[in-house]
Amino acid sequence: MHRNDAIKQFHGGDERIAELIDEQAPTGLPTPDTDVPMVSRSVRLPLETYERVREAAEARGIGVTTLMRQWIEAGLADLDDSATVSLADVRRALAALAQPEAAA
C-alpha cells in the first residue's frame, strides 16, 4: 500500500493500521560510524556563534558536530595536561614560528 493511502485510512478511522504496519518489510537501522557509544546533548548557542562554528567546520571539510567534539576533546585534554592537537595546527604553528617577523 502506498504511504498516502495508509495515511488516508488512518485519518479516516480505519482500524487496520496495525495490520498495515505488520505487512511492511522491516527496515534496518543505519550502521553507527563508530564503535564508541555516543550521547546526544543539546547546546544553545547565539546565532552568530553558531554561524562562526559552521563556517569553521566548512573550512575544515567536517561537520559542525565533529568540530565541536574535537574542540571539547582538546579542551578536556588541556585540563588533564594530555596533548590533542591536529597535525595541521602543529604545521601552521611551526610555519608561523619560522617566518621572520615583519618590520614594524
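Residues numbered from 1 in each chain as written. Predicted model: local features only at pLDDT ≥ 70, side-chain atom pairs only at ≥ 80, totals over all residues. Heavy atoms only, no water.

Asks: What am I meant to see in the nonpolar core here?
Replies: Most often, soluble globular proteins keep nonpolar side chains buried together rather than apart. V53, A56, A57, V64 and L67 together form the largest nonpolar core, which totals five residues. Of all the elements in the fold, those that place two or more residues in this core are α3 (47–60) and α4 (64–79). In terms of residue count, α3 provides more of this core than any other element does, three residues in total. With near-sequence residues (within four places) excluded, A56 lies in contact with L67 and W71. (Core = buried A, V, L, I, M, F, W, Y, C linked by side-chain atoms within 4.5 Å. Buried < 20%, exposed > 50% of the residue type's maximum accessible area, 1.4 Å probe, protein only. Helix = DSSP H or I, 4+ residues; strand = E, 2+ residues; numbered from the N terminus. Contact = heavy atoms within 4.5 Å.)

Asks: What should I look at first to understand the packing of α3 against α4 in this one?
Replies: Axis angle and axis distance: for two packed helices, these are the angle between their axes and the distance between the axes, and together they describe the pair. One way to put it is that α3 packs onto α4 with a least axis distance of 9 Å and a crossing angle of 95°. As far as their axial angle goes, α4 and α3 are roughly perpendicular. Listed contacts from α4 to Y50, V53, R54, A56, A57 and R60 of α3 are V64, L67, M68 and W71. Classifying every residue of the contact of α3 with α4 by side-chain character gives eight nonpolar, no polar and two charged. (Axes fitted to C-alpha atoms, helices over the stretch in contact; angles between N-to-C directions. Parallel < 35°, antiparallel > 145°, perpendicular 65-115°, else oblique. Nonpolar A, V, L, I, M, F, W, Y, C, P; charged D, E, K, R; others polar.)

Asks: What is the right way to read helix α5 (residues 87–98) from this model?
Replies: Structural remark: α-helix, 3.6 residues per turn; residues separated by three or four positions point the same way. For α5, built from twelve residues, the straight-helix expectation of 16 Å at 1.5 Å per residue is met to within 8% by its first-to-last C-alpha distance of 16 Å. Across the twelve residues that make up α5, only a small minority, zero, are buried. (Expected span 1.5 Å × (residues − 1).)

Asks: Can you walk me through the pattern of salt bridges in this structure?
Replies: Side chains carrying opposite charge are able to pair once their charged atoms draw close together. Applying the stated criterion to the full structure yields three salt bridges. Close ionic contact of E51 with R54 constitutes a salt bridge, the shortest N to O distance being 2.4 Å. Of the two residues, E51 and R54 both sit in helix α3, three residues apart, roughly one turn of that helix. D89 serves as the salt-bridge partner of R92, at 2.3 Å between the closest nitrogen and oxygen. With R92 and D89 both in helix α5, this residue pair falls three residues apart, about one helical turn. Judged by its relative accessible area of 37%, D89 falls in the partly exposed class. A cluster of three or more residues bridged by salt bridges with shared partners is formed by E51, R54 and E58. (Salt bridge = Lys/Arg side-chain N within 4 Å of Asp/Glu carboxyl O.)

Asks: Is there a simple way to explain α3 in this structure?
Replies: Taking 1.5 Å per residue, 14 residues should reach 20 Å; α3 reaches 20 Å between its end C-alpha atoms and fits that length. If you check which residues of α3 are buried, you get V53, A56 and A57. In a view along the axis of α3, the buried residues occupy a sector of 100°, so they form one face of it. In α3, those exposed residues whose orientation departs by more than 90 degrees from the buried face are L47, E48, R52, E58 and A59. For α3, the secondary structure elements touched by its buried residues are α4. Looking at the residues trailing α3, positive phi occurs at G61, about 75°. (Arc of directions from axis to C-beta.)

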